[in-house]
Amino acid sequence: MRQIVVKLCTRIILIAVVVGAGWVHVVLAQSTADEHLPEGLGIAQFTPSDELIYPSDTDRWVVVGASIGGDYSETEFDPSNPGPISVVQLELNAYTYLLENGRYADGTMFLLSFYQTQEKPEPGLNGFVQGDLMALEMHVIDRVKYQDNRGFYMFAADERGPSAMLPAGNECVQCHAEHGVFDSTFTQFYPTIRHIVTQGPE
Ligand code: HEC
């Protein structure tokens with residue numbers, strides 16, 4: 001009798017383990033699926049009519065890259081008149097998430113600021129510096145919110161009121177999807193994060 005009870009108990013435990021293993025499997029499968037949709041950062045704020053509100057703390061965002069003459073114009077680059085200097089910044093929480101996970105969280109915000117290129121005014125000081133701010137562009141990545149997985153927005157330098165998303169399939173999306181090597185961003189040009197493209201998260 002005792003033996004039968006022990007056997008029965010063992011069987012129940014075995015069944016429990018098998019069921020348990022199945023459950024663990026389901027839970028694991030679930031969390032893998034969830035990884036593709038990380039919880040939104042919730043930093044980007046929108047008006048009731050879904051316009052992006054210009055964040056107040058962009059001065060604290062991480063500068064990930066800068067370039068000169070990248071104004072999307074078709075004319076050939078002229079070193080004596082190089083076009084604007086553009087500076088790319090990544091919102092702090094998005095930056096941390098990217099380093100830890102090797103991909104962008106939903107709600108990731110990139111800012112591109114265009115500055116006039118100013119020649120250093122004094123003799124003996126060579127090169128160019130950033131002049132006045134000309135325009136601002138924002139790239140928000142969110143697989144849940146956007147049809148294209150991303151939204152592009154433009155702000156004037158002096159008028160930073162809420163901005164409506166450029167319509168889906170616009171030329172911003174097209175160029176970024178074609179030439180931006182990492183999730184339609186130009187990480188290949190950003191020295192502080194480009195290693196993630198080749199080496200994965202830190
Ligand atoms: C012809 C290609 C092209 C088009 C069109 C384009 N971009 Fe970009 N974009 C770039 C390049 C190249 C960079 C890398 C930074 C640089 O070189 O200035 C960039 C970088 C950016 C970044 C920094 C984050 C990132 O995604 O790498 C933002 C923000 C951005 N662009 C917004 C816009 C917006 C808004 C539009 C549409 C109004 C737009 N871009 C259209 C080529 C393009």
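Our subject is the structure that appears above.
Since the structure is predicted, the reported quantities are computational estimates derived from the model, not experimental observations.

## Concerning the site of the ligand
Piece 1. Every one of the 21 residues lining the ligand counts as a neighbour, but G70, F110, C172, C175 and F186 are closest to it.
Piece 2. Secondary-structure elements contributing two or more residues to the shell around the ligand are β2 (85–90), β3 (108–119), β4 (128–141), β5 (150–156) and α3 (171–179).
Piece 3. Counting residues per element, the shell around the ligand draws most heavily on α3, which supplies four residues.
Piece 4. When grouped by side-chain class, the residues that make up the shell around the ligand number 12 nonpolar, seven polar and two charged.

## Remarks on the pairing of β4
Piece 1. Looking at chain direction, β3 and β4 are connected through 11 bridges and run antiparallel. Note that in β4 the partner of Q118 across the bridge is V129.
Piece 2. The sheet contact formed by β4 and β5 spans seven bridges and is antiparallel. Looking at the pairing, L136 lines up with F155 of β5.

## A short note on the environment of Y97
Piece 1. Inspection of the secondary structure assignment puts Y97 in helix α2 (residues 92–101).
Piece 2. Residue Y97 is classed as buried on the basis of its C-beta count, with 21 C-beta atoms lying within 10 Å.
Piece 3. Taking the C-alpha atoms as reference, Y97 lies 9.4 Å from P201; in sequence the two are 104 residues apart.

## Some points on the pairing of β2
Piece 1. Burial within β2 is extensive, with five of its six residues counted as buried.
Piece 2. Bridge count for β2 against β3 is six bridges, and the pairing is antiparallel. Across the sheet, Q89 pairs through a bridge with L111, a residue of β3.

## As for the nonpolar core
Piece 1. In terms of nonpolar packing, the biggest core is built from 23 residues, with A94, M109, F110, M138 and V140 touching the most fellow members.
Piece 2. For this core, the secondary-structure elements that each account for two or more residues are β2, α2, β3, β4 and β5.
Piece 3. Apart from residues no more than four positions distant in its own chain, F110 is found in contact with V88, L90, M138, H139 and T185.

## Side note on α2
Piece 1. Within α2, burial applies to A94, Y97 and L98. Taken down its axis, α2 places every buried residue within 100° of arc, on the same side.
Piece 2. Against β2, β3 and α4 (195–199) lie the buried residues of α2.
Piece 3. G102 occupies a position one or two residues after α2 and carries a positive phi of about 70°.

## Focus: the sheet that holds β4
Piece 1. On the basis of which strands lie adjacent, the open sheet formed by five strands has the order β1-β2-β3-β4-β5 and antiparallel pairing. Looking along the sheet, the strands with just one partner apiece sit at the ends: β1 (62–68) and β5. Neighbour-to-neighbour, the strand axes of this sheet turn through a mean angle of 25°, independent of strand direction.

The rules behind these values
- Each chain carries its own residue numbering, running from 1 in the written order of its sequence.
- Two thresholds apply to this predicted model, a pLDDT of at least 70 for residue-level local features and 80 or more for giving and counting side-chain atom pairs, whereas whole-chain, interface and lining totals are computed over all residues.
- As used in this record, a residue near a molecule or strand is one whose C-beta atom, placed from the backbone, is within 6 Å of it.
- Comment: elements are numbered from the N terminus, with helices defined as DSSP H or I runs of at least four residues and strands as E runs of at least two.
- Under the scheme applied, nonpolar residues are Ala, Val, Leu, Ile, Met, Phe, Trp, Tyr, Cys and Pro; charged residues are Asp, Glu, Lys and Arg; polar residues are all the others, including Gly.
- For two strands to be treated as a pair, DSSP must find no fewer than two bridges joining them.
- Residue burial is a threshold on neighbouring C-beta atoms within 10 Å of the residue's own C-beta, all placed from the backbone, with 20 or more meaning buried, 12 or fewer meaning exposed, and counts in between meaning partly exposed.
- By convention the nonpolar core is taken to be a set of buried residues drawn from Ala, Val, Leu, Ile, Met, Phe, Trp, Tyr and Cys and joined through C-beta atoms within 7 Å.
- Contact definition: two residues whose C-beta atoms, as placed from backbone geometry, lie within 7 Å.
- Here the arc refers to the directions that run from the helix axis out to each C-beta atom.
- The angle between two axes is taken between their N-to-C directions and runs from 0 to 180 degrees, where each axis is a line fitted to C-alpha atoms and a helix contributes only its stretch in contact.

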